[in-house]
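# A closer look at the structure
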Amino acid sequence: MRTVIRDEVLLSDNTAIADDQGNKRSYRELAEGAEDLRLCVEERSLLFLLCDHQTETAEFIYEILYIHAVPLLLPGEIDEELLEQLMQIYQPGYLYCQNSRKTAGTERRVKEWKNHTLWKTGAPKVSIHPDVALLLSTSGTTGSSKLVKLTYDNLYDNAAYGCRHLQIEAGQKGLSPLPLHYAFGLSFCLWHWHCGATVLLTEESVFGRGFQEFYMRERAANFAATPYTYRMLQKIRFWDQEKAAFLNFAISSGAQIAEQEHLELVSVLKEKFWVGYGQTECIGIVLAASFDEGHVRTGTVGRAFDNAEVTVDPKTGEMLIRSRSVCMGYAVSREDLETGDVNHGILHTGDVVKIEDGYIYLQGRLKRFVKILGKRVSLDDIGNYLENKYQNAEFACIGTDDHIEIYHTDPESGAEEEIRELLYRNMKIPAEFITCFCLEKIPRNSSGKIAYAGLGGPAYKKTGAYHERKNTEDL
């Protein structure tokens, strides 16, 4: 942990973690807990950590990084079959999970807490490159074996510049509903821990009264969530002048926020509301910006942190990021954990962008473009455009060349024809290439991102989870 947290913080009596049950742990107490854990876990061993939002889990993440073991953070609700596949591929030495869960491949209990158990698997120790500090899955819900290898320098660099850019200081408190296995959620914790601030934790729903009461009682200065969460918070009128008075920042990342929602949030929170951009491969946010009410740039995902340089590939329009926050590469097998840095500080983001006055504007994903009559069309552009037009509905678009499927939550009987007419009039996409489906809700993963892999799949067709409202004779 000495390569992630500032030395003057490590043994301080500042509160590192606090929850809504009155539990608190200082940095000194976490350091002592880490030394106890060192007796149970072999240094540089591989560990699978099934994350929830409980205080014990946040403490364990801190302590396991402190003793230089290497955790793979996974969602606590991961399917048992997918977990077993990952365990067969990587053969971790340890598994941390809730007491109620014991998975195949565990051998004996190493340590127990009130709600969690650390199991030893009996697998032989794997050789891991000395720079690797942390593993994150590129797709924690599909069981992909592809893991991002993040170094101690990556974690320290992102934490240091996140603190500087967002002006996080010792004594501040940060509260976020983001999952701890999600790069954005983890980096939010590391920003606070780096400078001696406090991470607040609750399992209450962000939309419930308990969460709001905890937020107000603790006077949380810092907040982070995805655009989807901000949209839902706007519906329940979460943000007001009282909360804005003690706020340092509220940041949105994980997807592009809709124009109207951006304007509404700035109208209440002023320059305290930030939009940001990051990827798992650079451990969270590397671009961010805030605006006062008279100078809002909607559509941007921010400007580069001081530790990042952004360029655009002239042939493809892809954004390239050069930074010490960029991961060393990927692993798809146990042997890959030993290989060195292949990225050399440069990340090919896969995002097509334009840059104006230093501000970055997303145009779509390289893999989220289709061709309609030979014309390149961004599926993300279509979704963003429709969400700005239909502010009470959600949209998700998938497609192949010469075929676009639009999923939406607008039950109005004429919405599909309107959508097709709008897209033809404004984006010149002929109506015959568009099929619309109405869903009760758009499927999302635990971090609030749209689960595109599920849309159009056989599960929807078998269960009748959607109904097609468009007359197929029009095709």
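Predicted model only: the values in this text are computed from it and were never measured.

What counts and how
- Residues numbered from 1 in each chain as written.
- Predicted model: local features only at pLDDT ≥ 70, side-chain atom pairs only at ≥ 80, totals over all residues.
- Heavy atoms only, no water.
- Helix = DSSP H or I, 4+ residues; strand = E, 2+ residues; numbered from the N terminus.
- Rg over C-alpha atoms; globule rule 2.2 N^0.38 Å.
- Contact = heavy atoms within 4.5 Å.
- Areas by Shrake-Rupley, 256 points an atom, 1.4 Å probe, with all protein chains shown as cover.
- Lys, Arg positive; Asp, Glu negative; His and termini not counted.
- Charge placed at Lys NZ, Arg CZ, Asp CG, Glu CD.
- Salt bridge = Lys/Arg side-chain N within 4 Å of Asp/Glu carboxyl O.
- Buried < 20%, exposed > 50% of the residue type's maximum accessible area, 1.4 Å probe, protein only.
- Core = buried A, V, L, I, M, F, W, Y, C linked by side-chain atoms within 4.5 Å.
- Pairing = 2+ DSSP bridges.
- Axes fitted to C-alpha atoms, helices over the stretch in contact; angles between N-to-C directions.
- Left-handed = near helix turned anticlockwise from the far one by under 90°.
- Nonpolar A, V, L, I, M, F, W, Y, C, P; charged D, E, K, R; others polar.
- 1 Å grid on protein atoms, 1.4 Å probe; cavity = no way out; pocket = protein on both sides within 12 Å on 5 of 7 lines; lining within 4 Å.
- Points joined across faces, edges and corners; volume = space filled by probe spheres on them.
- Phe/Tyr/Trp six-rings, centres within 6.5 Å; stacked < 30°, edge-to-face > 60°.
- Lys NZ or Arg CZ within 6 Å of the ring centre and 35° of its normal.
- Arc of directions from axis to C-beta.
- Parallel < 35°, antiparallel > 145°, perpendicular 65-115°, else oblique.

Our focus in this paragraph is the overall build of the protein chain. Secondary structure assignment for the protein chain yields 13 helices and 27 strands. Taking 475 residues into account, the globule formula puts the C-alpha radius of gyration at 23 Å, and the protein chain, at 23 Å, falls close to it. If you line up the protein chain on its principal axes, its C-alpha atoms span 70 × 50 × 45 Å. Long-range pairs, those at least 24 residues apart, make up 66% of the contacts in the protein chain with a sequence separation of at least 6. Only carbon and sulfur atoms are counted for the fraction: they give 45% of the accessible area of the protein chain, which is about 20300 Å². The centroid of the 52 positive side-chain charges in the protein chain is displaced by 1 Å from the centroid of its 68 negative side-chain charges.

Take the pattern of salt bridges next. Enumeration according to the criterion identifies 22 salt bridges in this entry. Measuring nitrogen to oxygen at the nearest pair gives 3.2 Å for the salt bridge that ties Asp351 to Arg365. You can see Asp351 sitting in strand 20 (residues 346-356) and its partner Arg365 sitting in strand 21 (residues 359-365), a full 14 residues away along the chain. For Asp351, a relative accessible area of 7% corresponds to the buried category. Taking the shortest distance from any N to any O, the salt bridge between Glu417 and Arg420 comes out at 3.0 Å. Note that Glu417 and Arg420 are positioned in helix 12 (residues 415-427) at a spacing of 3 residues, about one turn of the helix.

Formed by 46 residues in total, the largest nonpolar core has its most connected members in Ile64, Leu134, Leu155 and Trp193. Broken down by element, the residue count for this core peaks at 7 residues, all from helix 3 (residues 55-66). Among all residues touching Leu134, those that are not within four sequence positions of it are Val70, Pro71, Leu73, Val148, Lys149, Leu150, Leu155, Leu186 and Ile283. In terms of nonpolar packing, the next biggest core, distinct from the first, is built from 29 residues, Leu175, Val206, Phe214 and Phe246 among them.

With that settled, the discussion passes to the sheet that holds strand 7 (residues 116-120). Taken in spatial order, the 8 strands line up as 6-7-5-3-4-8-9-19 in an open sheet, and their pairing is mixed. Looking at which strands have only one partner, the edges of the open sheet turn out to be strand 6 (108-112) and strand 19 (329-331). The average angle at which neighbouring strand axes cross in this sheet is 30°, direction not considered. In this fold helix 4 (residues 80-90) packs onto strand 3 (46-51), strand 4 (70-75), strand 9 (147-151) and strand 19, with an angle of close to 165° to the strand it touches most, strand 3. Sheet strands in contact with helix 5 (residues 152-166) are strand 8 (132-137) and strand 9, and its direction is about 75° off that of strand 9.

Right, let's get into the packing of helix 2 (residues 27-38) against helix 3. Two numbers describe how helix 2 lies on helix 3: the axes approach to 9 Å, and their chain directions differ by 65°. The hand of the helix 2/helix 3 crossing is right-handed. Counted together, Tyr27, Leu30, Ala31, Gly33, Ala34, Glu35, Leu37 and Arg38 of helix 2 and Glu59, Phe60, Tyr62, Glu63, Ile64 and Tyr66 of helix 3 form the full contact between these two elements. Looking at the contact of helix 2 with helix 3 residue by residue, the class counts come to 9 nonpolar, 1 polar and 4 charged.

Here the second largest pocket defines a volume of roughly 580 Å³. Grouping the amino acids of the lining of the second largest pocket by side-chain chemistry returns 10 nonpolar, 11 polar and 7 charged.

Evaluation of the coordinates by the stated rule reveals 24 aromatic pairs. Aromatic side chains Phe291 and Tyr359 sit 5.6 Å apart centroid to centroid with 35° between the ring planes, which places their arrangement in the tilted category. A residue pair is termed long-range when its members are at least 10 positions apart, and Phe291 in the loop between strand 15 (284-290) and strand 16 (300-304) and Tyr359 in strand 21 qualify at 68 residues. Taken together, the ring pairs connect Phe211, Tyr215, Phe223, Tyr230, Phe238, Trp239, Phe246 and Phe273 into an aromatic cluster. Its end group placed over the ring of Tyr361, Lys354 keeps NZ or CZ at 5.7 Å from the ring centre.

Those residues of helix 10 (residues 259-269) not exposed but buried are Glu261, His262, Leu265, Val266, Val268 and Leu269. Along the axis of helix 10, the buried positions cluster into a sector of 165°, meaning they face one direction only. For helix 10, the elements touching its buried residues are helix 8 (227-235), helix 9 (241-245), strand 13 (249-252) and strand 14 (273-279). Lys270, located one to two residues past helix 10, shows a positive phi value of around 55°.

Okay, the pairing of strand 12 (residues 222-225) next. In strand 12, alternate side chains face the same way, and those of Asn222 and Ala224 on one face and Phe223 and Ala225 on the other are all buried. Across 2 bridges, the pairing between strand 10 (residues 173-175) and strand 12 is parallel. Across the sheet, residue Leu175 finds its bridge partner in strand 12, namely Phe223. In this structure, strand 12 lies alongside strand 13, joined through 4 bridges in parallel fashion. When the sheet's bridge partners are listed, Phe223 is paired in strand 13 with Ala250.

Within the secondary structure, Ala331 sits in strand 19. The class for Ala331 is buried, based on a relative accessible area of 0%. In the structure, Ala331 is positioned 182 residues away from Lys149 in sequence and 6.9 Å away in space, judged by C-alpha atoms. Ignoring anything within four residues of it in the chain, the contact list for Ala331 reads Tyr90, Ser145, Lys146, Leu147, Lys149, Asp336 and Leu337.

Orientation of helix 11 (residues 379-389) relative to helix 12, taken along the N-to-C sense of each, is 115°, at an axis distance of 12 Å. When the axis of helix 11 is compared with that of helix 12, the two are roughly perpendicular. When you trace helix 11 past helix 12, the crossing you get is right-handed. Facing Asp381, Ile382, Tyr385 and Leu386 of helix 11, the residues of helix 12 in contact are Ile419, Leu422, Leu423, Asn426 and Met427. Of the residues in the contact of helix 11 with helix 12, the class split is 7 nonpolar, 1 polar and 1 charged.

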